[in-house]
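Residue-level structure breakdown
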Amino acid sequence: MKYLLPFIVLLIYTENIKAQHSLGIQYRASYEDKKLTLNHVYAYFDTSTIVFSKLRFYISNIQCKQKGAVVFSESNSYHLLDLSDEKSFFISIPNLFKLSFDEIQFDIGIDSTTNSSGALGGDLDPIHGMYWTWQNGYINLKLEGSCPQAASPTHVFEFHLGGYQSPYNSLQTIHLIVEKPHEPFYINFALNAWVKQIDFQKTHHVMSPSATSVFLSQLLQNCFSLKYK
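1. Quick word on the overall build of the protein
Each helix and strand in the protein was counted, giving four helices and 14 strands. Each of the three principal axes of the protein carries a C-alpha extent, and together these read 65 × 45 × 35 Å. Across the 229 residues of the protein, 47% fall into the buried class. Taking the contacts inside the protein whose residues are at least 6 apart along the sequence as the reference set, 71% of them involve residues at least 24 apart.

2. Some details on the side chain of Asp-107
If you trace the backbone, Asp-107 turns up in strand β8 (residues 103-108). Lys-65 provides the closest opposite charge to the buried, salt-bridge-free Asp-107, at an N-O distance of 9.5 Å. Polar side-chain contacts of Asp-107 include one of 3.4 Å to the side chain of Asn-61. Those residues in contact with Asp-107 that sit more than four places away from it in its chain are Tyr-58, Ile-59, Ser-60, Asn-61, Leu-171, Gln-172 and Thr-173.

3. Some details on the environment of Ile-110
Positionally, Ile-110 belongs in the loop between β8 and α2 (112-115). Residue Ile-110 is classed as buried on the basis of its relative accessible area, which comes to 2%. Residues Ile-110 and Pro-184, spaced 74 residues apart in sequence, show a C-alpha to C-alpha distance of 27 Å. With residues near it in sequence (within four places) discarded, Ile-110 still touches Tyr-58, Ser-60, Tyr-78, Asn-115, Leu-124, Tyr-138, Asn-140 and Leu-171.

4. Here's the deal with the confidence of the model for the protein
For the protein, the mean per-residue pLDDT works out to 90, and 90% of the residues sit at or above 70. Within the model, the stretch residues 5-21 combines pLDDT values under 50 with twelve contacts to residues more than four positions away or in other chains.

5. A few points about the pairing of strand β3 (residues 41-44)
Within a regular beta strand, the side chains point alternately toward one face of the sheet and then the other, so they alternate between its two faces. Only one face of β3 is covered, namely the one carrying Tyr-42 and Tyr-44; the face carrying Val-41 and Ala-43 has none of its residues buried. Relative to strand β4 (residues 48-66), β3 is paired through four bridges, and the arrangement is antiparallel. From the neighbouring strand, Tyr-42 faces β4, where its bridge partner is Ile-50. Turn length for the β3-β4 hairpin, with the two strands adjacent in sequence and antiparallel, is three residues, and the turn residue Phe-45 shows positive phi of about 55°.

6. Some words on the state of the cysteines
Tallied over the full model, the rule gives zero disulfides. Cys-223 takes part in no disulfide bond, and the closest cysteine sulfur to it belongs to Cys-147, at a distance of 16 Å.

7. A look at the packing of aromatic side chains
In this structure the tally under the stated criterion is 19 aromatic pairs. Seen from their ring centres, Tyr-58 and Tyr-138 are 6.0 Å apart, and the 85° between their planes marks the pair as edge-to-face. You can see Tyr-58 sitting in strand β4 and its partner Tyr-138 sitting in the loop between α2 and β9 (139-146), a full 80 residues away along the chain. Tyr-138 sits in the buried class, given a relative accessible area of 1%. For the pair Phe-157 and Phe-200, a centre-to-centre distance of 5.0 Å together with 40° between the ring planes defines the contact as tilted. Linking Phe-157 in strand β10 (residues 156-162) with Phe-200 in the loop between α3 (191-195) and β13 (205-206), this pair joins segments that are 43 residues apart in sequence. Of the two residues examined, Phe-157 and Phe-200, each falls in the buried class.

8. Here's the deal with the environment of Pro-184
One can find Pro-184 in the loop between β11 (172-177) and β12 (185-190). Take Pro-184: its relative accessible area is 12%, and that puts it in the buried class. Residues Pro-184 and Gln-201, 17 residues apart in the sequence, show an inter-C-alpha distance of 41 Å.

9. A few points about helix α4 (residues 211-218)
Looking only at α4, the buried set comprises Ser-213, Val-214, Leu-216 and Ser-217. Buried positions in α4, seen along its axis, are confined to an arc of 170° and lie on one side of it. Considering only its buried residues, α4 is in contact with β10, β11, α3 and β13.

10. Here's the deal with the nonpolar core
Counting residues in hydrophobic clusters, the biggest one holds 51 residues, and the most contacted among them are Phe-106 and Trp-194. With seven residues, β4 is the largest single contributor of residues to this core. Among all residues touching Trp-194, those that are not within four sequence positions of it are Leu-141, Leu-143, Phe-159, Leu-161, Phe-189, Leu-216, Leu-219, Leu-220 and Cys-223. Tyr-58, Leu-80, Met-130 and Trp-132 belong to the second largest nonpolar core, which has nine residues in total.

Conventions we followed
- Residues numbered from 1 in each chain as written.
- Predicted model: local features only at pLDDT ≥ 70, side-chain atom pairs only at ≥ 80, totals over all residues.
- Heavy atoms only, no water.
- Helix = DSSP H or I, 4+ residues; strand = E, 2+ residues; numbered from the N terminus.
- Buried < 20%, exposed > 50% of the residue type's maximum accessible area, 1.4 Å probe, protein only.
- Contact = heavy atoms within 4.5 Å.
- Lys, Arg positive; Asp, Glu negative; His and termini not counted.
- Salt bridge = Lys/Arg side-chain N within 4 Å of Asp/Glu carboxyl O.
- Polar contact = N/O pair within 3.5 Å; in protein donor to acceptor, adjacent residues only side chain to side chain.
- pLDDT = per-residue confidence, 0-100.
- Pairing = 2+ DSSP bridges.
- Disulfide = S-S within 2.5 Å.
- Phe/Tyr/Trp six-rings, centres within 6.5 Å; stacked < 30°, edge-to-face > 60°.
- Arc of directions from axis to C-beta.
- Core = buried A, V, L, I, M, F, W, Y, C linked by side-chain atoms within 4.5 Å.

Put into structure tokens, the structure is as follows:
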């Protein structure tokens, strides 16, 4: 009997994970393999530190594929992930994991067609602070913080990345291979892998569509990965 209770607890815990997994996709932001926390001091290389005060970004156009063929495409697929609201990092998609798929695809940012439609509602409502103007459209990703390496007067950095018109289309499409689609997993955004590619001495403020916005957005390609729980 004394061995039965721990087994029951483990079984309930496992079933709860599977139940949540069946309802959607969990995202996570991390720094050096640890869950990212706003306003926490992190090591930046070996000689400096970095603090993140804001992280928001759009996930859109979620698709699942099996051998290259689309088996699921989410309609009205626009989600604002805000690190100050942990619940926003879970995207509800009922019955998704009843499908067979070997790849997940999604965009970081908002597509040109939606941008051309002007300000909308829900997660696309300008009240969330992720919309510039009808001409510049939505901010795909917003990261703010401070680092002694940043050459601004107060060592603050602000990256508001976006742009949907040529030559400054900053939208990025992420492709992730799913080896075990029916096992609980999450999609990780390794922020350290991104910021350590940025020279804060030269680049610390990006606030409008530009070549720099496109370049920094392209660096996001290798910062997302699928991890099993």
